[in-house]
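Descriptive structure summary
Okay, here's what each chain looks like letter by letter:
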Amino acid sequence: MTARKLKDLTIGTRLGLGFGIVFVLFCTLTLFAINRMEYLANKISLIHNHPLTVSNAVLKIDTHIVKMHRTMKDIVLDESAAEINKDSEFVDKHERETYAEFDIIDKSFLGNKALLEAAREAFVSWKPVRDEIIQLMRAGKRSAAIRIIKGKGARHAVKIENTMDALYAFAQGKADEFVASARDTTDQSIKTMYLLLFLVVVTVMIFTVYLTRSITRPVEALRAATLEIGKGKLDTPLNIDADGEMGELARSVHEMTVNLANVTASRDELNEEITERKQAEDELRRSEERIKLLLESTAEAIYGLDAEGKCTFANPACLKILGYESMDDVLGKNMHNLIHHTRPDGSPYPMHECHIYEAFQKGTGTHVDNEVLWRKDGTSFAGEYWSHPIHEDGKTIGSVVTFMDITERKGLEKARQKLMDNLEEKATEMERFVYTVSHDLKSPLITIQGFLGLLEKDALEGETKRIQGDISHIQKAARQMQELLADLLEISRIGRLVNTPERVNFNQLVQDVVELLDGQIKTCGVQIDVMPEMPTLYGDRKRLLEVVQNLIDNALKFMGEQTAPHIEIGYHLKKGENIYYIKDNGIGIEPRFHQKVFELFERLNPEIEGTGIGLAIVKRIIELEGGRMWIESEGKGRGCTFCFVLPDKHGRET
Ligand code: ADP
């Protein structure tokens, strides 16, 4: 296997291979050691089973022979047959045991069998000698027995021992041979095992170094590359073509680097986006603060509604106008039920008709200025409001309502309207006035023109009488014009020339007028009754005198054919007001003219001298004084009563 091929192997395979080789070497070493040990054990067992067994058996046979020989010596000394029998048995026993030992030697002896047979023969040949000695002893021939035992008996015993010694020597030699062989084997085995161990260690070291390097080198290279990548050098080259786990790891790191590059790019974009968003948020916050400041500082009341018509916010002006202390009092409340539930006329205002809610129901803005809004304390005020829908993602999610208390403006508008009506009325009146004045002034002018023509003609003809008549007509027309102009002047002055108001004794005022008109009263023969001790009035005395003078003058003028003309001046109290009246029993005024006669130049009886301005002056003075006046008359020939009321002010008596 070449180095290149080894390099291509995976780390796992390389480790497996390394450990496999080490395992095989260890196994070999172990098997060898076991084999050697078995060999040695065999050797030991051989020593034990052969030379050692043989040596032991030889030594035992020696012992038996010694004992047998000694017992034979005892037999020759025995005194009785019993003793001889007993010792003979003892000798037989040792003989049997000796044969048994010979059998053992026969089985284990590795040397020349002739040696063994020689020993056995020597032992067997001793038997007849012993039997002879015993028979001699039984026969009572002790001395013969002693001779034999000391002679050939002893020689046999020595012969046997010699043969046994040869056997022993051979066995010992064999044992030594085995021990030397075992020692050699042990020495060889130890050397071989050291060699094998050395080989194992060297192999392990070589593989360890190789494996460590083959793993650490690419790991180190990858680590260095990843460090560079970590520093931001994402283009650091990686050995992505390598095989095995390192190639796999390099490809993973490469993939990770590519992803990291993408993530970094995304992160940069994200950072940019975050910065932009933060700027937008800051701007939004500033804008919100500005809006908040605006909402809090504006005098206009503003509140927000959600799609259900519930309050989402309210600015301080809104709470103040509605009389609430905290935003919590209105937050989440149905604002229609809270502040918009009733119409100006007091009738209930159903929610489905609410123009404020229309903004988010129909999605269009509304503006209303003729409704009322209701405060916390149950009072209402004229309000003008705008309700603008709030759109989010194409959906209307509520509205912003702006409103203000327009009570003052409404009052001003009302006053302005009144003024406008007044002006219009005045303009109409002025128009009619101008028309009537020009018409009424034209009539005496035409009269003057006509009579001037006649005067010229009569003067040329010398008709003195007719000249006087013409002049008298011209004078009358001129006087009429003068009166008309005086009255016009008078009416134009009313309201402009105001005298200081004062307490006026009405009885005294009437008295003064009666004196002024004394001539007329007497001429008409009118009875005048004045109620005594009438309440005092408070106002412009000169104007009030004009009023009374005009009314009494008219009563005298329009008395008609009354045989018992009568004027009554007095007052009565009605609903806390003093109603002053001037009542006559003259020609009366039909009810349909009760208003009309107060207008300028309105004259119901043109045949009676007058300008039609008097009652207009009277009414204007009373109204300027803050009072009102009216006529009570049942119609023609039923007399007429002019009533007026002046306000009770400045604490004066009435
Ligand atoms: P004048 O007296 O110059 O005609 P006024 O304005 O004083 O003008 O009166 C308007 C008209 O009201 C009179 O022309 C008359 O027809 C009617 N009138 C006023 N006072 C009386 C009265 N006391 N009785 C009946 N008619 C009256």
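This report concerns the structure included in the present document. (Residues numbered from 1 in each chain as written. Predicted model: local features only at pLDDT ≥ 70, side-chain atom pairs only at ≥ 80, totals over all residues. Heavy atoms only, no water.)

1. Things to note about the overall build of the chain
Helix and strand counts for the chain stand at 16 helices and 12 strands. Here the C-alpha radius of gyration of the chain, 82 Å, is well above what a compact globule of 654 residues would show, namely 26 Å. Overall size of the chain, expressed as C-alpha extent along the three principal axes, is 255 × 70 × 40 Å. Looking at the chain as a whole, 35% of its 654 residues qualify as buried. Put simply, of all contacts in the chain between residues at least 6 apart along the chain, 62% involve residues at least 24 apart. Distance between charge centroids for the chain: 12 Å, based on 84 positive and 100 negative side chains. (Helix = DSSP H or I, 4+ residues; strand = E, 2+ residues; numbered from the N terminus. Rg over C-alpha atoms; globule rule 2.2 N^0.38 Å. Buried < 20%, exposed > 50% of the residue type's maximum accessible area, 1.4 Å probe, protein only. Contact = heavy atoms within 4.5 Å. Lys, Arg positive; Asp, Glu negative; His and termini not counted. Charge placed at Lys NZ, Arg CZ, Asp CG, Glu CD.)

2. Considerations on the site of the ligand
Near the ligand there are 20 residues, and of these Asn554, Lys557, Asp584, Asn605 and Thr611 occur at the shortest range. Asn554 places a side-chain nitrogen or oxygen 2.9 Å from an oxygen atom of the ligand. Between the ligand and Lys557, the relevant distance is 2.8 Å, taken from an oxygen atom to a side-chain nitrogen or oxygen of the residue. Summarising the interface, the protein chains cover 98% of the accessible area of the ligand, which totals 530 Å² for the free molecule. If you list the elements that add at least two residues to the shell around the ligand, you get helix H15 (541-557) and helix H16 (614-624). Considering only residue class, the shell around the ligand consists of 9 nonpolar, 7 polar and 4 charged. (Near = heavy atom within 4 Å. Polar contact = N/O pair within 3.5 Å; in protein donor to acceptor, adjacent residues only side chain to side chain. Areas by Shrake-Rupley, 256 points an atom, 1.4 Å probe, with all protein chains shown as cover. Nonpolar A, V, L, I, M, F, W, Y, C, P; charged D, E, K, R; others polar.)

3. Digging into the sheet that holds strand E12 (residues 640-645)
Sheet architecture is open: 5 strands sit in the order E7-E9-E10-E12-E11, paired in mixed fashion. Two strands in the sheet have a free side with no partner beyond their single neighbour: strand E7 (527-530) and strand E11 (628-632). Adjacent strand axes in the sheet meet at a mean angle of 20 degrees, parallel and antiparallel pairs treated alike. Pairing geometry for strand E10 (residues 577-584) and E12, over 5 bridges, is antiparallel. Each bridged residue has a counterpart across the sheet, and for Asp584 the counterpart in E12 is Cys640. Along the sheet, helix H13 (residues 506-516) contacts E7, strand E9 (566-574), E10 and E12; its crossing angle with E7, the most-contacted strand, is approximately 165 degrees. (Pairing = 2+ DSSP bridges. Axes fitted to C-alpha atoms, helices over the stretch in contact; angles between N-to-C directions.)

4. Here's the deal with the pattern of salt bridges
As enumerated under the stated definition, the model contains 35 salt bridges in all. Two residues, Lys174 and Glu177, come together in a salt bridge whose shortest N-O distance is 3.5 Å. Of this pair, Lys174 and Glu177 both sit in helix H6 (residues 142-230), 3 residues apart, which is roughly one turn of the helix. On the basis of relative accessible area, Glu177 is assigned to the partly exposed category, the value being 46%. Residue Arg543 pairs with Glu546 through a salt bridge whose shortest N-O separation is 2.7 Å. Here Glu546 and Arg543 lie together in helix H15, a separation of 3 residues that amounts to about one turn. Of the two residues, Arg543 and Glu546, neither departs from the other in class, the shared state being buried. Through salt bridges with shared partners, a single ionic network connects Asp103, Asp106, Lys113, Glu117 and Arg120. (Salt bridge = Lys/Arg side-chain N within 4 Å of Asp/Glu carboxyl O.)

5. Here we look at the packing of helix H5 (residues 126-138) against H6
The geometry of H5 relative to H6 is characterised by a closest axis approach of 9 Å and an angle of 165 degrees between their N-to-C directions. By the criterion of interaxial angle, the relationship of H5 to H6 is roughly antiparallel. Judged by the twist between their axes, the crossing of H5 over H6 is left-handed. Note on element contacts: H6 touches H5 through Arg142, Ala144, Ala145, Ile148, Ile149, Lys152, Gly153, His156, Ala157 and Ile160, opposite Trp126, Val129, Glu132, Ile133, Leu136 and Met137. For the contact of H5 with H6, the residue count by class is 11 nonpolar, 2 polar and 3 charged. (Parallel < 35°, antiparallel > 145°, perpendicular 65-115°, else oblique. Left-handed = near helix turned anticlockwise from the far one by under 90°.)

6. Notes on the environment of Ser297
On the secondary structure map, Ser297 appears in helix H7 (residues 244-297). Judged by relative accessible area, which is 55%, Ser297 ranks as exposed. Linking Ser297 and Ala317, residues 20 residues apart in sequence, is a C-alpha distance of 8.0 Å. A polar contact of 2.7 Å, which involves the side chain of Ser297, links it to the backbone oxygen of Leu293.

7. Looking at the pairing of strand E3 (residues 366-374)
Look at any regular strand and the pattern is simple: side chains alternate between the two faces of the sheet. Inspection of the sheet shows E3 paired to strand E4 (residues 380-392) by 7 bridges, in the antiparallel sense. Directly across from Trp374, in E4, lies its bridge partner Ser380. Counting the residues in the hairpin turn of E3 and E4 gives 5 residues, including Gly378, whose phi is positive at 90 degrees.

8. Some words on the nonpolar core
Residues Phe506, Ile552, Ile567, Ile569 and Phe642 are the most contacted members of the largest nonpolar core, which totals 55 residues. Looking at which element gives the most residues to this core, the answer is H15, with 8 residues. (Core = buried A, V, L, I, M, F, W, Y, C linked by side-chain atoms within 4.5 Å.)

9. Here's the deal with the packing of aromatic side chains
Using the criterion set out here, one finds 12 aromatic pairs in the structure. Ring geometry for Phe598 against Phe642: centres 6.3 Å apart, planes inclined by 85 degrees, an arrangement best described as edge-to-face. Of this pair, Phe598 sits in the loop between E10 and H16 while Phe642 sits in strand E12, placing them 44 residues apart in sequence. With respect to class, Phe598 is no different from Phe642; both count as buried. These aromatic residues form a ring-pair network of at least three members: Tyr99, Phe102, Phe123 and Trp126. Between Arg36 and the ring centre of Tyr39, over which it is positioned, the NZ or CZ distance is 5.0 Å. Note that Arg130 overlies the ring of Trp126, its terminal NZ or CZ placed 4.7 Å from the centroid. (Phe/Tyr/Trp six-rings, centres within 6.5 Å; stacked < 30°, edge-to-face > 60°. Lys NZ or Arg CZ within 6 Å of the ring centre and 35° of its normal.)

10. Remarks on the sheet that holds strand E1 (residues 301-306)
An order of E2-E1-E5-E4-E3 is seen for the 5 strands of this open sheet, with the pairing classed as antiparallel. A strand with exactly one partner marks an edge of an open sheet, and here the two such strands are strand E2 (311-314) and E3. For this sheet, the mean inter-axis angle between neighbouring strands, taken without regard to orientation, is 30 degrees. In the sheet, E1 pairs with E2 via 3 bridges, with the strands oriented antiparallel.

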